[in-house]
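# Topology and contacts: notes
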Amino acid sequence: MGLFDLFRRPSRGGPSAMRARLEGAMAKRRLRGWNPPLENINTLVASGGPRLLARARELVVTNGYAANACEAFAANLVGDGIKPSSLVGDTDLRDRIQRLWLAWTDEADADGLTDFYGLQAMVAREMFVAGECFVRLRPRRAQDGLLVPLQLQLLQSEMLPFDKMETAANGNRIRCGIEFDAIGRRVAYHFRRRHPGDSTDQGGVIPETVRVPAANVLHIYRPIDAGQIRGLPHVAPAMVRLFLLDQYDDAELDRKKTAAMFAGFITKTAPEEPLMGETQADADGVTIASLEPGTMQVLLPGEDVKFSSPADVGGGYEAFQYRTLLAVSASLGLPYHLVTGDVRQANYSSLRAELVEFRRRMQQLQYGVMAHQLCRPIWARWMETALLAGSLDLDDADTARAVQWIPPRWDWVDPLKDIQAQVLAMEAGITSRRKVVEATGYDIEEVDRENATDMKRAADLGLGYRTSPGATQGAKATPPARPESDGTDDGAAAEQSEQE
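Per-chain numbering applies: the sequence of each chain, read as written, is numbered from 1 onward. Whole-chain, interface and lining totals are the exception, using all residues; otherwise, since this is a predicted model, local features are given only for residues with pLDDT of at least 70 and side-chain atom pairs are given and counted only at 80 or more. Just so you know, side-chain values use all the structure's heavy atoms and leave hydrogens and water out.

### Quick word on the overall build of the protein chain
Across its full length, the protein chain holds 14 helices and 12 strands. Contacts are assigned to residue pairs that have any heavy atoms within 4.5 Å of one another. Counting contacts in the protein chain only where the partners sit at least 6 residues apart, residues at least 24 apart contribute 65% of the total. Per-residue accessibility takes into account occlusion by the displayed protein chains alone, with areas from the Shrake-Rupley method and a 1.4 Å probe. About 32,000 Å² of surface is accessible on the protein chain, with carbon and sulfur atoms providing 54% of the total. To qualify as a helix, a DSSP run of H or I must reach at least 4 residues; to qualify as a strand, a run of E must reach at least 2; elements of each kind are numbered from the N terminus.

Have a look at this one:
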């Protein structure tokens, strides 16, 4: 090696650098016990799905944090509903489609318990608890009296058996209750006729499952891995922590209850001599002496009184709870204050930063799961059924199917600053007014029609408001009332007006 070779920078490549990048694959002392099996997610779901589902449902019912997180997840995912906005160019036709859809939403639920947007909330809750939900499209007869003869039936994850693995008579493969053809397309679902956990639904002996074509079933779930065929509960990563934390809280409550029980133990040298307030002995020979305010008890020589002093929880309880619930919130992908309701350590900046990241995740689910897997297929089937039933008269059915789905609006942390920022963005051409209106959860054409109607009604009545679209906002919007003049000081008044 030459003299100058000593000053050369060592090469960054080579076997040592490659080993450093593959440290997670090493089998040294620290990682010797880490040997997870290389199993496909479908294998894990098929083996542990039923137990995971049962634990998730019990946790959301019995654990307050899990129940609150479930409601927060559903409320932020669908809110008051992910609503359609038809893209038909004909204004009159578009208005008829929107009105018919709005009227049908009240008839959408096959059980008659809620409307279409209530079904969206139920689907969101099932995604949190079970990781998936099935929606069966149920065509109805014309004599049923529906505006559009179509209804939706929600089926829980338990209705599709995880353990149904076989080859169908037609040669198709059935995996976890889902039938696939030779090229991997879903062709049918084999649902149970009764819920396996519903003891109230007892009937005659019937086949356990029924085959439903995949064209009439919507499978709503968030695929985590490529090739995943069943969903995993959204609460799954936090289940163990929530369960153990619940047990810890129960133990601490019992500890506090025991600590609140003030008790004393008396040692007597003469058991036959009663103390003041001593009751009769029970069957086991145990007596109790009550302690009353202002009582002074004289003890005999050799008698002693000892009071209980149970251990307290200490000062680390709240800090431990905080850190554990932070980990739970991170596992659920929800802000800490939405899971716990605790905003003591939050401020405007931290809340805004947390909500911005959380809303990005919600938008992924809104567009990639709810709109794509649930809303779009239902709109297509609804439009087809409305045309066949004569509820709509259209020349070009394909054009009429064009629609965009508007998610619910996000509530601002600081409405004034956010609205001012949107106004500046529109004036600079960075965004359009349509996008700003749709971000509030409303349809821009509906908003414009309402504004036009309000302006026309106000003009007919001779009214003027500062809230009119396009009007100048601020103090100059309403001119000051000028007092009646006798004409002697018109010049001074005009000069004063120009100065103002």
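Picking up after the structure, the text goes on.
### Here we look at the pairing of strand S7 (residues 186-192)
Any residue under 20% of the maximum accessible area for its type is buried, any over 50% is exposed, and the rest in between are partly exposed; the area is computed with a 1.4 Å probe on protein chains only. Summarising burial for S7: 5 of the 7 residues are buried, a large majority. Across 3 bridges, strand S6 (residues 178-180) lies against S7 in antiparallel orientation. Its bridge partner lying in S7, Phe180 is registered against Arg186. DSSP bridges decide pairing: two strands pair if at least two such bridges lie between them. Counting the residues that bridge the hairpin from S6 to S7 gives 5 residues, and of these Gly184 lies at a positive phi of roughly 85°. Where S7 meets strand S8 (residues 209-213), 5 bridges bridge the pair, whose relative direction is antiparallel. Counterpart to Arg192 in the pairing with S8 is Thr209.

### Considerations on helix H7 (residues 317-332)
Under the convention used throughout, the expected extent of a helix is 1.5 Å for every residue step, that is, one less than its residue count. The end-to-end C-alpha distance of H7 is 22 Å, a good match for the 22 Å that 16 residues give at a rise of 1.5 Å each. Those residues of H7 that sit buried are Gln321, Thr324, Leu325, Val328, Ser329 and Leu332. Down the axis of H7, the buried set is contained in an arc of 145°. They therefore lie on one face. Summarising the geometry of H7, the exposed residues directed more than 90 degrees from the buried face are Arg323 and Ala330. Where H7 is buried, its residues meet helix H3 (64-77), helix H5 (116-129), helix H6 (239-260) and helix H8 (336-340). Following H7 by one or two positions, Gly333 adopts a phi angle in the positive range, close to 70°. An arc is given here, and it is the one of the directions from the helix axis to the C-beta atoms.

### Things to note about a nonpolar patch on the surface
Two distance rules govern patches: like charges are joined within 9 Å, and nonpolar side chains (Val, Leu, Ile, Met, Phe, Trp, Tyr) within 5 Å, applied only to residues with over 30% relative accessible area and no salt bridge. We define a salt bridge as a contact between a side-chain nitrogen of Lys or Arg and a carboxyl oxygen of Asp or Glu at a distance within 4 Å. Together, Val240, Phe243 and Leu244 give the surface a local cluster of nonpolar side chains, amounting to about 300 Å² of exposed area. When its relative accessible area of 47% is taken as the criterion, Leu244 is described as partly exposed.

### Concerning the environment of Leu334
Within the fold, Leu334 resides in the loop between H7 and H8. Taking the C-alpha atoms as reference points, Leu334 and Ala69, separated by 265 residues in sequence, lie 7.5 Å from one another. Apart from the residues lying within four places of it in its own chain, the contact partners of Leu334 are Ala69, Phe73, Phe128, Ser329, Val339 and Phe358.

### A look at the nonpolar core
One finds Trp104, Phe128 and Trp382 to be the most contacted residues of the largest nonpolar core, which totals 64 residues. Of the residues forming this core, the biggest block, 13 residues, is contributed by helix H9 (residues 348-389). Dropping the residues within four chain positions of it, Trp382 is found in contact with Ile97, Leu100, Trp101, Trp104, Val148, Leu150 and Leu392. Residues belong to one nonpolar core when they are buried, are Ala, Val, Leu, Ile, Met, Phe, Trp, Tyr or Cys, and are joined through side-chain atoms within 4.5 Å. Phe134, Cys176, Val217 and Ile229 belong to the second-largest nonpolar core, a separate cluster that totals 13 residues.

### Brief notes about the sheet that holds strand S9 (residues 217-221)
Spatial strand order, S3-S2-S9: 3 strands in an open sheet with antiparallel pairing. Either end of the sheet is taken by a strand with one partner, and the two such strands are strand S3 (150-155) and S9. Strand-to-strand twist in this sheet, taken as the mean axis angle between neighbours without regard to direction, amounts to 25°. Alignment of strand S2 (residues 132-139) against S9, held across 5 bridges, turns out to be antiparallel. Along S9, the bridge assignment pairs Phe134 with His219. To obtain each axis, a line is fitted to C-alpha atoms, and for helices this fit is confined to the stretch in contact; angles are then taken between N-to-C directions over 0 to 180 degrees.

### Here we look at the confidence of the model for the protein chain
For the protein chain, per-residue confidence averages 82 on the pLDDT scale, and residues scoring 70 or more make up 77% of the total. Confidence per residue, as judged by the predictor, is encoded in pLDDT with a range of 0 to 100. Predicted confidence in the protein chain is weakest over helix H14 (residues 490-499), with a mean pLDDT of 48, and strongest over S9, with 97. A low-confidence stretch, residues 472-479 stays under pLDDT 50, and its non-local contacts, those more than four residues away or across chains, total 7 contacts.

### What about H5?
An ideal rise of 1.5 Å per residue puts 20 Å on 14 residues; H5 measures up with 20 Å between its terminal C-alpha atoms. Judged by how many residues are buried, H5 sits mostly within the fold: 12 of 14 residues are covered. Of the positions making up H5, those classed as buried are Phe116, Tyr117, Gly118, Leu119, Gln120, Ala121, Val123, Ala124, Glu126, Met127, Phe128 and Val129.

### Section: the sheet that holds strand S5 (residues 173-175)
The strand order S4-S5-S6-S7-S8 describes an open sheet built from 5 strands, whose pairing is antiparallel. Pairing within the sheet leaves two strands with one partner each, and these edge strands are strand S4 (166-167) and S8.

### Digging into the packing of helix H2 (residues 41-62) against H5
Direction vectors running N to C along H2 and H5 enclose 115°, while the axes themselves pass 9 Å from each other. For the pair H2 and H5, the contacting residues are Leu53, Ala56, Arg57 and Val60 in the first and Glu126, Phe128 and Val129 in the second. Throughout this entry, Asp, Glu, Lys and Arg are counted as charged residues, while Ala, Val, Leu, Ile, Met, Phe, Trp, Tyr, Cys and Pro are counted as nonpolar. The remaining residues, Gly among them, count as polar. For the contact of H2 with H5, the residue count by class is 5 nonpolar, no polar and 2 charged.

### Regarding the packing of H6 against H7
Between H6 and H7, whose axes approach to 10 Å, the crossing angle comes to 160°. Between H6 and H7, the crossing angle belongs to the class labelled roughly antiparallel. You can see that H6 and H7 cross each other, and the crossing is left-handed. Across from Arg241, Leu242, Leu245, Tyr248, Asp249 and Glu252 in H6, the residues of H7 making contact are Tyr317, Phe320, Gln321, Thr324, Leu325, Ala327 and Val328. Note on angle classes: values under 35 degrees are labelled roughly parallel, values over 145 roughly antiparallel, values of 65 to 115 roughly perpendicular, and the remainder oblique. With the far helix as reference, a near helix turned anticlockwise by less than a right angle produces a left-handed crossing, and one turned clockwise produces a right-handed crossing.

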